[in-house]
Amino acid sequence: MTDATPQPIYLADYTPPNWLIEGVSLTFVLDPTATRVRSTIRFTPNPDATSRTFFLHGEQLELIRAAIDGNEITPKMVEGGLTADVPDHAFTWESEVEISPETNTALSGLYMSNGMYCTQCEAEGFRRITFYPDRPDVMAPFKVRIEGDMPVLLSNGNPSGSGDGWAEWHDPWPKPAYLFALVAGELIARQDSFTTMSGKKVDLKLWVRPGDEVKTAFGMEALKASMKWDEEVYGREYDLDIFQIVAVSDFNMGAMENKGLNIFNTSAVLASPETSTDANFERIEAIIAHEYFHNWTGNRITCRDWFQLSLKEGLTVFRDQQFSGDMRSKAVCRINDVSALRGRQFREDNGPLAHQVQPDSFVEINNFYTATIYEKGAELIGMMKTLVGDEEYYKALDLYFERHDGEAATIEDWVRVFEDNTGRDLTQFRRWYKQAGTPRLKVTDDFNDGSYTLHFEQETPPTPGQDEKLPQHIPIALGLIGPNGDEVVTTQVLELTEAKQSFTFDGLGAKPTPSILRHFSAPVIVQRDSSPAERAFLLAHDTDPFNKWEAGRTLAKDVLIAMVTEDDAPLSEYLDALAVMLRDDSLDPAFRALTLDLPGEDDLAQTLFDAGLTPDPTKIYQTRETLKQAMAEHLQDTLPRLSSEMDVDAPFKPDAEQAGKRALGLALLQLTNRLDGGAAAQSLYDSADNMTHRLGALGCLLDVEKGNGALTDFRKRFEGDELVMDKWFSLQVAHAAPDKAANVVEVLTKDPAFNWKNPNRFRAVFGALMMNAAGFHHPSGDGYRLFADWLIKLDPVNPQIAARMSSAFETWRRYDADRQDMMTTALKRIKATKGLSRDSQEMIGRILGDD
Ligand code: B3K
Ligand code: ZN
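Residues numbered from 1 in each chain as written. Chains lettered and ligands numbered in written order. Predicted model: local features only at pLDDT ≥ 70, side-chain atom pairs only at ≥ 80, totals over all residues. Heavy atoms only, no water.

Student: Would you take a moment to explain the overall build of the protein chain for this structure?
Tutor: Scanning the protein chain from N- to C-terminus turns up 27 helices and 31 strands. For 851 residues, the compact-globule estimate of 2.2 N^0.38 gives 29 Å, and the protein chain sits close to it at 27 Å. Its C-alpha atoms put the protein chain at 85 × 65 × 60 Å along the principal axes. For the protein chain, with 851 residues in total, the buried portion stands at 60%. (Helix = DSSP H or I, 4+ residues; strand = E, 2+ residues; numbered from the N terminus. Rg over C-alpha atoms; globule rule 2.2 N^0.38 Å. Buried < 20%, exposed > 50% of the residue type's maximum accessible area, 1.4 Å probe, protein only.)

Student: Would you mind showing me how to read the sheet that holds strand E8 (residues 81-83) here?
Tutor: Across the sheet, 3 strands lie side by side as E4-E8-E7; this open sheet has antiparallel pairing. The sheet is open, and its two edges are formed by strand E4 (55-57) and strand E7 (76-78), each paired on a single side. Adjacent strand axes in the sheet meet at a mean angle of 25° when their direction is disregarded. One ladder, built from 3 bridges, connects E7 with E8; its direction is antiparallel. Following the sheet pairing, Lys76 is matched in E8 by Thr83. (Pairing = 2+ DSSP bridges. Axes fitted to C-alpha atoms, helices over the stretch in contact; angles between N-to-C directions.)

Student: Before we go on, may I ask you to explain the site of ligand 1 in this structure?
Tutor: Near ligand 1 you find 15 residues, and of these Glu122, Glu257, Glu291, Asn366 and Tyr374 are the closest. Within the side chain of Glu257, one N or O atom sits 2.8 Å away from a nitrogen atom of ligand 1. Between ligand 1 and Tyr374 there is a distance of 2.5 Å, counted from an oxygen atom to a side-chain nitrogen or oxygen. When isolated, ligand 1 has an accessible area of 340 Å², and the protein chains bury 94% of it. Looking at the shell around ligand 1, the elements that each hand over two or more residues are strand E20 (255-256), helix H2 (278-293) and helix H3 (309-327). Of the residues assigned to the shell around ligand 1, the class counts are 6 nonpolar, 4 polar and 5 charged. (Near = heavy atom within 4 Å. Polar contact = N/O pair within 3.5 Å; in protein donor to acceptor, adjacent residues only side chain to side chain. Areas by Shrake-Rupley, 256 points an atom, 1.4 Å probe, with all protein chains shown as cover. Nonpolar A, V, L, I, M, F, W, Y, C, P; charged D, E, K, R; others polar.)

Student: Where do I start with empty space enclosed by the protein in this structure?
Tutor: This model, assessed by the stated rule, comprises 2 cavities of 30 Å³ or more. In this model, the largest cavity occupies a volume close to 40 Å³. Lining the largest cavity we find Ser310, Leu311, Gly314, Leu315, Gly377, Ile381, Ile411, Trp414 and Tyr433. Of all the elements in the fold, those that place two or more residues in the lining of the largest cavity are H3, helix H5 (371-388) and helix H7 (411-422). Ranked by the residues each element gives to the lining of the largest cavity, the list is headed by H3, at 4 residues. The residue makeup of the lining of the largest cavity, split by class, is 6 nonpolar, 3 polar and no charged. The wall of the second largest cavity is formed by Glu601, Asp602, Ala605, Pro617, Ile620, Ala773, His777 and Tyr815. For the lining of the second largest cavity, the elements supplying multiple residues, two or more each, are helix H13 (601-610) and helix H14 (617-634). (1 Å grid on protein atoms, 1.4 Å probe; cavity = no way out; pocket = protein on both sides within 12 Å on 5 of 7 lines; lining within 4 Å. Points joined across faces, edges and corners; volume = space filled by probe spheres on them.)

Student: Would you mind showing me how to read the nonpolar core here?
Tutor: Nonpolar side chains tend to gather and get buried jointly when the protein is soluble and globular. Core analysis: the largest hydrophobic core is formed by 270 residues, its most contacted members being Trp414 and Phe809. A per-element tally of this core places helix H10 (residues 545-565) first, with 11 residues. In this structure Trp414 touches Leu311, Leu315, Ile381, Met384, Leu397, Tyr400 and Tyr433, once residues within four positions along its chain are discounted. (Core = buried A, V, L, I, M, F, W, Y, C linked by side-chain atoms within 4.5 Å. Contact = heavy atoms within 4.5 Å.)

Student: What should I look at first to understand the domain arrangement of the protein chain in this one?
Tutor: When the parts of a complex come together, some accessible area is lost, and that lost area is often taken as the interface size. As assigned here, the protein chain comprises domain 1 (1-185) and domain 2 (722-851). Computed from C-alpha atoms alone, the centre-to-centre distance between domain 1 and domain 2 is 34 Å. Contact with domain 1, which involves 11 residues of that partner, is made by 14 residues of domain 2. Together, the buried faces of domain 1 and domain 2 total about 950 Å²; carbon and sulfur atoms form 48% of this surface. Applying the counting rule to domain 1 against domain 2 returns 0 salt bridges. Applying the counting criterion to the domain 1 and domain 2 interface returns 2 residue pairs in polar contact (both at pLDDT 80 or more). Each residue belonging to the side of domain 1 that touches domain 2 can be placed in one class, and the counts come to 5 nonpolar, 5 polar and 1 charged. (Domains from an automatic or database assignment. Buried area = accessible area lost by both parts, 1.4 Å probe. Salt bridge = Lys/Arg side-chain N within 4 Å of Asp/Glu carboxyl O.)

Student: Whenever I open this one, the packing of aromatic side chains confuses me. Can you help?
Tutor: How two aromatic rings sit relative to each other is set out by the distance from centre to centre and by the angle between their planes. Enumeration according to the criterion identifies 54 aromatic pairs in this entry. Taking 5.6 Å as the distance between ring centres and 85° as the angle between the ring planes, the aromatic pair formed by Phe766 and Phe787 counts as edge-to-face. Of this pair, Phe766 sits in helix H22 (residues 759-771) while Phe787 sits in helix H24 (residues 782-794), placing them 21 residues apart in sequence. Since its relative accessible area comes to 1%, Phe787 is described here as buried. (Phe/Tyr/Trp six-rings, centres within 6.5 Å; stacked < 30°, edge-to-face > 60°.)

Student: How should the sheet that holds strand E11 (residues 116-120) be read in this particular structure?
Tutor: As a general point, the strands of a sheet are linked pairwise by backbone hydrogen bonds and lie either parallel or antiparallel. The strand order across the open sheet formed by 4 strands is E10-E11-E16-E13, and the pairing between neighbours is antiparallel. In the strand order of this sheet, the two ends are held by strand E10 (109-113) and strand E13 (152-155), each with one partner. Sheet twist, expressed as the mean angle between neighbouring strand axes with direction ignored, is 20°. Where E13 lies against strand E16 (residues 182-185), 4 bridges are found, and the strand directions are antiparallel. When the sheet's bridge partners are listed, Val152 is paired in E16 with Gly185.

Student: What is the right way to read the side chain of Asp320 from this model?
Tutor: As for its position among the elements, Asp320 is in helix H3. Setting aside residues no more than four positions away along its own chain, Asp320 makes contact with Ala286, His290 and Phe293.

Student: Help me understand the pairing of strand E3 (residues 35-45) in this model?
Tutor: Side-chain positions along a regular strand alternate between the two faces of the sheet. As paired strands, strand E2 (residues 19-29) and E3 are joined by 10 bridges and run antiparallel to one another. Note on E3: the bridge partner recorded for Val29 is Arg36. Connecting the antiparallel pair E2 and E3 is a turn made up of 5 residues. By the bridge criterion, 9 bridges tie E3 to strand E9 (residues 91-99) in an arrangement that is antiparallel. Directly across from Arg38, in E9, lies its bridge partner Glu96.

Student: Please clarify how the packing of helix H12 (residues 589-596) against helix H16 (residues 656-676) should be interpreted in this entry.
Tutor: When two helices pack together, their arrangement is given by the angle between their axes and by how far apart the axes lie. Here H12 crosses H16 at 35°, and the two axes come no closer than 7 Å. The interaxial crossing formed by H12 with H16 has left-handed handedness. Where H12 abuts H16, its residues Pro589, Ala590, Arg592, Ala593 and Leu596 lie against Gly660, Lys661, Ala663, Leu664, Ala667, Leu668 and Leu671. Here the residues of the contact of H12 with H16 are counted per class, giving 9 nonpolar, 1 polar and 2 charged. (Left-handed = near helix turned anticlockwise from the far one by under 90°.)

Student: Just to check I follow, could you spell out unusual backbone geometry for this structure?
Tutor: A cis amide bond links Glu122 with the next residue in sequence, Ala123, at an omega value of 0°. In this fold, Ala123 is placed in the loop between E11 and strand E12 (140-147). Even without being glycine, Gln60 reaches a positive phi, approximately 55°. Here Gln60 lies in the loop between E4 and strand E5 (62-68). On the basis of relative accessibility, which here comes to 65%, the residue Gln60 falls in the exposed class. With a phi close to 50°, Phe520 is a non-glycine residue in the positive phi region. Considering the arrangement of structural elements, one finds Phe520 in the loop between strand E30 (513-516) and strand E31 (525-527).

Student: Could you clarify how one ought to interpret the side chain of Asp278 in this entry?
Tutor: Among the structural elements, Asp278 can be located in helix H2. A residue is classified by how much of its surface remains accessible, and Asp278, at 8% relative accessible area, is buried. In terms of polar contacts, Asp278 uses its side chain to reach the side chain of Arg662, at 2.7 Å.

Rendered as structure tokens:
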């Protein structure tokens with residue numbers, strides 16, 4: 001931690017490592033406050049390097065001894081590590097350091113969680129374990145010996161020996177240090193096996209704390225399904241004798257893809273019907289797949305440097321999204337993915353934190369594990385697939401694995417594989433990686449003598465450091481629908497490359513209705529003046545499920561915007577269209593549930609801001625409430641029958657079919673709840689046999705201020721279950737009325753169960769406050785003050801989480817002068833905190849727009 005202005009590092013300054021590593025041996029002698037780490041590393045000169053200077057990263061390490069080729073030396077300690085005089089040929093480095101896992105609250109490096117030892121090394125945590133060239137382009141095979149009085153001692157790779165109080169592991173696949181992992185504790189495993197496509201049997205172990213084993217069945221099935229899917233779809237086979245997952249309570253993110261030993265936040269792996277919602281099951285399945293898929297896209301082929309982060313993350317997100325689509329409903333998954341993209345990445349792209357998918361510089365790389373790197377990165381992969389077609393996409397991937405296996409690659413390598421494979425010139429497409437901001441796509445049309453022309457105009461607004469934007473290469477999947485609802489032009493992909501470009505379709509009998517950007521074929525914002533009638537027509541007739549949903553969403557959004565900005569906005573077209581769609585039982589219940597879901601408060605605020613207006617969060621909140629009430633009243637007669645159709649008679653299964661019914665059932669319950677004052681919700685709460693229903697019902701009860709009894713009951717039932725208690729905390733904040741939200745948070749932070757050093761618990765409360773837009777932005781400013789107080793408190797303990805959550809303030813420029821003033825005051829107060837971490841310094845500086 002330092003007060004000095006942190007210095008950025010630049011992609012342009014990349015130089016190859018001076019020294020490569022042939023092999024590493026590590027010995028850990030575990031102790032909570034005085035763990036000894038001995039390393040023996042065989043360094044060889046890198047023929048591609050321009051210098052032989054020897055530098056090893058190291059942070060918060062106490063050096064006990066160091067030696068080169070057996071001779072004790074005294075290295076020179078420098079900022080961020082050490083240097084030493086070394087021979088100009090291969091040599092063996094040895095060192096011993098002491099570290100204190102118990103006092104490591106940042107959860108980076110080796111730390112303790114509930115009495116167990118575990119590690120998190122990505123991005124730069126390994127340097128908190130031992131002195132090492134902690135950069136992803138230095139790859140090495142690892143041998144690890146762990147000594148400690150713990151029954152289970154784990155590391156990467158295959159087991160190579162064990163005895164009382166010790167275990168040894170060997171990972172033959174060269175890997176960068178960020179993929180290193182160690183776990184030691186009192187754990188028990190669910191065991192299974194998977195036979196790979198070449199007939200190799202792989203042991204599978206999912207390690208948890210005793211008591212949690214009842215929650216491991218689903219995760220194990222998801223793992224086996226992922227292994228099979230990666231073989232079938234990408235031809236990728238697993239490459240060690242064993243694959244292990246460990247569940248940890250204190251973890252900064254969802255999970256980590258350490259080679260052969262994935263470490264998971266308990267929230268991303270433990271599941272049971274009584275304690276997990278359908279959304280939890282779905283997320284767990286996706287994260288298990290994501291981390292497993294990293295074995296090829298991330299581990300076998302890793303990143304040359306952290307500017308290439310999206311090379312592994314964008315591609316792996318794309319792969320996990322494909323997997324989820326195959327396991328569940330493609331349409332519903334796509335809609336959810338796009339909603340998440342709009343909610344998080346568009347928000348980021350439209351504010352002071354906007355950055356490139358491949359940034360040019362960063363101060364703290366942990367601040368760049370963002371929706372832009374991940375989700376926008378995944379969209380870029382999807383666009384490439386759309387442009388080259390499925391067959392060429394999979395051929396290009398084969399070439400990628402063949403050409404770069406075992407390497408630390410770049411985004412440029414990736415794009416070149418596509419060019420070499422297809423012969424296409426992707427020069428313009430590369431702009432997607434280097435140009436931040438969400439393109440706006442204006443669309444108009446005309447029809448003359450059977451010729452229909454669509455006119456596109458693209459423009460990307462300025463983002464920090466990038467005032468001028470060039471046109472992007474945008475694949476626009478398009479279909480045309482005739483006046484009788486038949487599709488007259490089936491989906492085809494138009495390639496927009498100019499700032500303005502038109503496309504004409506001849507031989508049409510009548511003016512068609514365009515279905516633009518099917519399947520959301522590019523991460524852009526379509527701006528098209530369209531009548532409610534046209535939107536309702538598409539909602540009824542579009543054959544592309546994404547655009548069918550999109551038509552409903554834009555219809556709802558237009559209505560909400562009109563309600564906010566005009567006195568009497570007509571609702572009938574929307575409500576009638578909704579009623580027709582809801583009753584259409586040829587439609588998947590999950591899809592219908594999504595159509596009932598109104599555009600979020602943040603989305604509306606951004607839309608108003610884009611239109612040159614100043615959003616008022618309170619008014620947006622009230623408007624959504626008014627529309628929901630109107631929906632409930634309009635659908636009143638339909639609700640009882642429809643709701644009963646959503647009953648699930650069969651035993652609980654977390655599959656898409658049952659989950660869809662529960663989702664629609666709960667969406668309808670939220671409407672019924674406005675009419676019956678909580679009666680149906682109370683009865684569902686009392687009879688619920690699964691967490692989806694119980695939590696959904698509890699939310700409804702809180703909405704009508706009848707939740708106190710159920711809240712007490714819920715706590716009593718689940719007091720011992722951390723993950724369910726996280727829900728108990730977050731639900732109360734999510735459902736707090738805007739004028740009460742800050743107070744609810746204040747009370748919850750005083751609850752003895754509010755263990756704020758645990759990231760899940762902190763996020764449960766403050767993540768929910770951030771999402772409760774009208775509460776966070778309440779004109780009293782209490783939300784801002786409280787949020788800032790807690791970020792200041794958290795920063796010295798866990799800078800990564802504090803920095804990440806400061807993005808709650810990233811939208812400050814949208815709002816009125818009073819709110820802007822209160823938000824910037826809060827930000828400046830954080831900034832002025834003595835000893836503020838480099839992580840938070842960078843984030844707050846960028847949010848405020850400091851140079
Ligand atoms: N690669 C990790 C994220 C590491 C975050 C470091 N701050 C998980 C994932 O994307 O799979
Ligand atoms: Zn990942």
